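# Secondary and tertiary structure notes
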Amino acid sequence: MNKKEQIIWFCGDNSAYNGLSGMELKDKLNGIESKFGEWYSRSQYEINWEVIRDFILAQGDTTNIYRLDESKEAVYKNHFSTQDTWGDAQIDVLCNIFDKIYQTKYYSELYLKNKEAMNNMGEEKIKIAEVLYNSIQFELSMPSILLSSNARTLNNNSAIWKIDGFRLLTDNYTLHAESRVINYWAFGVTLLIILTILGAFVKLYRCTR
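Let us look at the structure shown here. Treat the numbers as computed from the prediction; the structure is a model and nothing was measured. (Residues numbered from 1 in each chain as written. Predicted model: local features only at pLDDT ≥ 70, side-chain atom pairs only at ≥ 80, totals over all residues. Heavy atoms only, no water.)

### Quick word on a nonpolar patch on the surface
Among the surface-exposed residues, L191, I194, L195 and L198 lie close enough to one another that they form a single nonpolar patch of about 380 Å² accessible area. Tracing the backbone shows I194 in helix α7 (residues 184-207). With relative accessibility at 44%, the residue I194 sits in the partly exposed group. (Patch = residues over 30% accessible without salt bridge, like charges linked within 9 Å, V, L, I, M, F, W, Y side chains within 5 Å. Areas by Shrake-Rupley, 256 points an atom, 1.4 Å probe, with all protein chains shown as cover. Salt bridge = Lys/Arg side-chain N within 4 Å of Asp/Glu carboxyl O. Helix = DSSP H or I, 4+ residues; strand = E, 2+ residues; numbered from the N terminus. Buried < 20%, exposed > 50% of the residue type's maximum accessible area, 1.4 Å probe, protein only.)

Next comes the structure, spelled out in structure tokens:
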């Protein structure tokens, strides 16, 4: 995604939609969703491919390491890049695909022997992405009338933000809120000044008569 697409997808910046018709907006969002789906699918593939490679590497099997490296891009292109949904390239599925390519049972048997350990390694590798789904909710009560804010939820004079890790992928995120406070002291002082001036005019008027 380019910078603008990242802001639209991860931050929900509505200003990016200005000037677009309904069809144009639909096409833009579908295009961005497709790019995100491709990134997600590729990330899943890379993680599980690395797990298989690490276990083969631990056995010192250079022949199957070479095969795995050689067919990496072709397997992704032929089996995962064209999927309409964000499919997960699971470890056992990948092993079956590599077995079909090289007419062997090596990869499937490797998975069966090390199923729990390989799945655990895959879970550990993907944990880093889980932080993006964590979110915090921040509520700010403003004095008097709330004039403007970039919060997604406004409740009377309160602004409520719900921020997840995806929103921070593109850039720093600033919470903005502005309110107007009625200054009763200013009204009182102004009224006092007006009354003083009126009193002076009345006194001056009486003196001139």
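Now that the structure has been shown, we can carry on.
### Some remarks on the side chain of S71
Along the chain, S71 falls in helix α3 (residues 62-79). At 2.8 Å, the side chain of S71 forms a polar contact with the backbone oxygen of R67. At 3.3 Å, the side chain of S71 and the side chain of Y102 are in polar contact. Not counting residues up to four positions away in its chain, the partners in contact with S71 are F98 and Y102. (Polar contact = N/O pair within 3.5 Å; in protein donor to acceptor, adjacent residues only side chain to side chain. Contact = heavy atoms within 4.5 Å.)

### Some details on the pattern of salt bridges
Within the structure shown, the criterion is met by 6 salt bridges. One salt bridge in this structure joins R42 and E73, with 2.8 Å as the shortest N-O distance. Taken together, the positions of R42 in helix α2 (residues 22-58) and E73 in helix α3 put the pair 31 residues apart, joining distant regions of the chain. Between K125 and E50 there is a salt bridge, and its shortest N-O distance comes to 3.6 Å. With K125 in helix α6 (residues 115-130) and E50 in helix α2, the pair connects residues that are 75 residues apart, well separated along the chain. Under the relative-accessibility criterion, K125 is labelled partly exposed at 28%. Look at E50 and you get partly exposed, because its relative accessible area is 32%. Among the ionic contacts, a cluster of salt bridges with common partners joins R42, E46, K72 and E73.

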